[in-house]
Amino acid sequence: GTTEEVQMTEASLKQMKKAKVFKQHEKRVNCIDFSMDGSYLISSGDDEALLLYNCLEGTIHKTIKSKKYGCGFVRFTHHNSAVLYASKAHYDDSIRYLSVHDNRYLRYFKGHRHRVCCLALSPINDTFISAAKDDTVRLWDLKSNQCAGLLRTKGIPQVAFDPSGVCFGVAYSEAKSYKHHVKLFDARRFEEGPFISVSLPMTGSADSEIAQLKFSPNTKHMLLSTYDGSVMLLDAFDGKKIRDLTGIVNTQKSELECSFSPDGEFICAGSEDGRVLIWQTETGRVVHELGGHAFPVSCAAFNPRYLQMASACQNVVLWLPDST
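Residues numbered from 1 in each chain as written. Predicted model: local features only at pLDDT ≥ 70, side-chain atom pairs only at ≥ 80, totals over all residues. Heavy atoms only, no water.

S.K.: Residue-level account of the overall build of the chain, with values.
M.R.: Scanning the chain from N- to C-terminus turns up one helix and 28 strands. Taken against the 2.2 N^0.38 rule, which gives 20 Å for 324 residues, the C-alpha radius of gyration of the chain at 18 Å falls within 12% of a compact globule. When its C-alpha atoms are laid out on the principal axes, the chain stretches across 55 × 45 × 35 Å. Counting the 324 residues in the chain, one finds 56% classified as buried. For the chain, the exposed surface amounts to about 13,600 Å²; the carbon and sulfur share of it is 49%. (Helix = DSSP H or I, 4+ residues; strand = E, 2+ residues; numbered from the N terminus. Rg over C-alpha atoms; globule rule 2.2 N^0.38 Å. Buried < 20%, exposed > 50% of the residue type's maximum accessible area, 1.4 Å probe, protein only. Areas by Shrake-Rupley, 256 points an atom, 1.4 Å probe, with all protein chains shown as cover.)

S.K.: Which residues make up the sheet that holds strand E27 (residues 309-312), and what values go with them?
M.R.: Hydrogen bonds between backbone groups are what pair the strands of a sheet, and the pairing can be parallel or antiparallel. Read across the sheet, four strands follow the order E1-E28-E27-E26 without closing on themselves; strand pairing throughout is antiparallel. Lying at the two open borders of the sheet, with one neighbouring strand each, are strand E1 (16-22) and strand E26 (299-302). Looking at each pair of strands side by side, their axes are set apart by 20 degrees on average, direction ignored. With four bridges connecting them, E27 and strand E28 (residues 316-321) associate as antiparallel partners. Along E28, the bridge assignment pairs Ala310 with Leu318. (Pairing = 2+ DSSP bridges. Axes fitted to C-alpha atoms, helices over the stretch in contact; angles between N-to-C directions.)

S.K.: Residues and numbers for the pairing of strand E20 (residues 231-235), please.
M.R.: The element E20 is largely enclosed, with a buried count of four among its five residues. Bridge count for strand E19 (residues 221-226) against E20 is five bridges, and the pairing is antiparallel. Among the inter-strand pairings, His221 is bridged to a residue of E20, identified as Asp235. Taking the residues that link successive antiparallel strands as the turn, the E19-E20 hairpin has four residues, and the phi of Gly229 there is positive, at about 95 degrees.

S.K.: Summarise the nonpolar core; cite the residues concerned and give the values.
M.R.: Leu84, Phe128 and Phe168 are the most contacted members of the largest nonpolar core, which has 29 residues in total. Broken down by secondary-structure element, the contributors of at least two residues to this core are strand E7 (82-86), strand E8 (95-99), strand E10 (116-121), strand E11 (127-132), strand E12 (136-141), strand E14 (158-161) and strand E15 (167-174). Broken down by element, the residue count for this core peaks at six residues, all from E10. The next biggest cluster of nonpolar side chains, apart from the first, holds 16 residues, and it includes Ile278, Val287, Phe302 and Val317. (Core = buried A, V, L, I, M, F, W, Y, C linked by side-chain atoms within 4.5 Å.)

S.K.: Mind laying out the packing of aromatic side chains, listing which residues take part and the relevant values?
M.R.: Applying the stated criterion across every chain yields a total of eight aromatic pairs. Between the aromatic rings of Phe109 and Phe128, the centroid separation amounts to 4.9 Å while the plane-to-plane angle is 80 degrees, which identifies the pairing as edge-to-face. Of this pair, Phe109 sits in strand E9 (residues 104-109) while Phe128 sits in strand E11, placing them 19 residues apart in sequence. Taking the relative accessible area as the measure of exposure, Phe109 reaches 1% and is therefore buried. A residue is classified by how much of its surface remains accessible, and Phe128, at 0% relative accessible area, is buried. (Phe/Tyr/Trp six-rings, centres within 6.5 Å; stacked < 30°, edge-to-face > 60°.)

S.K.: I'd like a rundown of the environment of Ser99, residues and numbers included.
M.R.: Considering the arrangement of structural elements, one finds Ser99 in strand E8. For Ser99, a relative accessible area of 7% gives the class buried. Residues Ser99 and Ala82, spaced 17 residues apart in sequence, show a C-alpha to C-alpha distance of 4.4 Å. Apart from the residues within four sequence positions on either side, Ser99 is in contact with Ser81, Ala82, Arg104 and Leu106. A polar side-chain atom of Ser99 sits 2.6 Å from a polar atom in the side chain of Asp102. (Contact = heavy atoms within 4.5 Å. Polar contact = N/O pair within 3.5 Å; in protein donor to acceptor, adjacent residues only side chain to side chain.)

That is the geometry; function is a separate question.
As structure tokens, this is what we get:
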């Protein structure tokens, strides 16, 4: 198959087949991210390597080692030539801004006192937010290594920008109250506090903390996933829960990523048993499963521009619809 710009439909998703399998990572892949124009994919691995792929050609474009610091939560900036990623070394909690073009660090962002667990870039400017296991959220600008703002939470936070870049969400689980909290802030006036604050009862065990927060590209929904494998669809306007998306296996409480399709009509997520599940957002129905990963699928994402998907365990797979 070739990479095409086509509307994603249930029929085209059911035709998805493995187009390329990359086996270069020596340990689990902890994060993948597509560039905004869909032409590149980057993966960060527990083997302390970053791999850059050309999605249109199905080739590895570059390998970058981050041996001293490790790498996780890699994110493309607005330029395909530069990425942000978090250090994973126990002695370094900084965020690194890397030019993949010439393998040069452009800036370091220091301030967190524990491991960074989430990075989110504004879709409209050079602002980004980081969340860490020190129960803080920090706001930054790519042009300065000075922290531009700080929010404290009562649990390990997860963060995401909405597609307009006007607001961002902060979600965390509070063990004491046995609740998940979701708060929405105005990105320009975050110090005024959240304009929406919602609490949801924690289901499952006390350690079923929030693993991820995502906004749908069509601004209608938010996704909230937890470490016990539950995935919740929320209304992005009032934060209320619409439904649970079922089918994921996560007994090891691993980081399993879920993502919206570019039109927000579908959701994909990795499962511990080697499957990638695809749900229809509107109904919560599983429309398709992609099988064949040898290990738990830590990452799954839709290409933002082309009819293509990517998923990763230790191997990285590019999926295309088989039109034959």
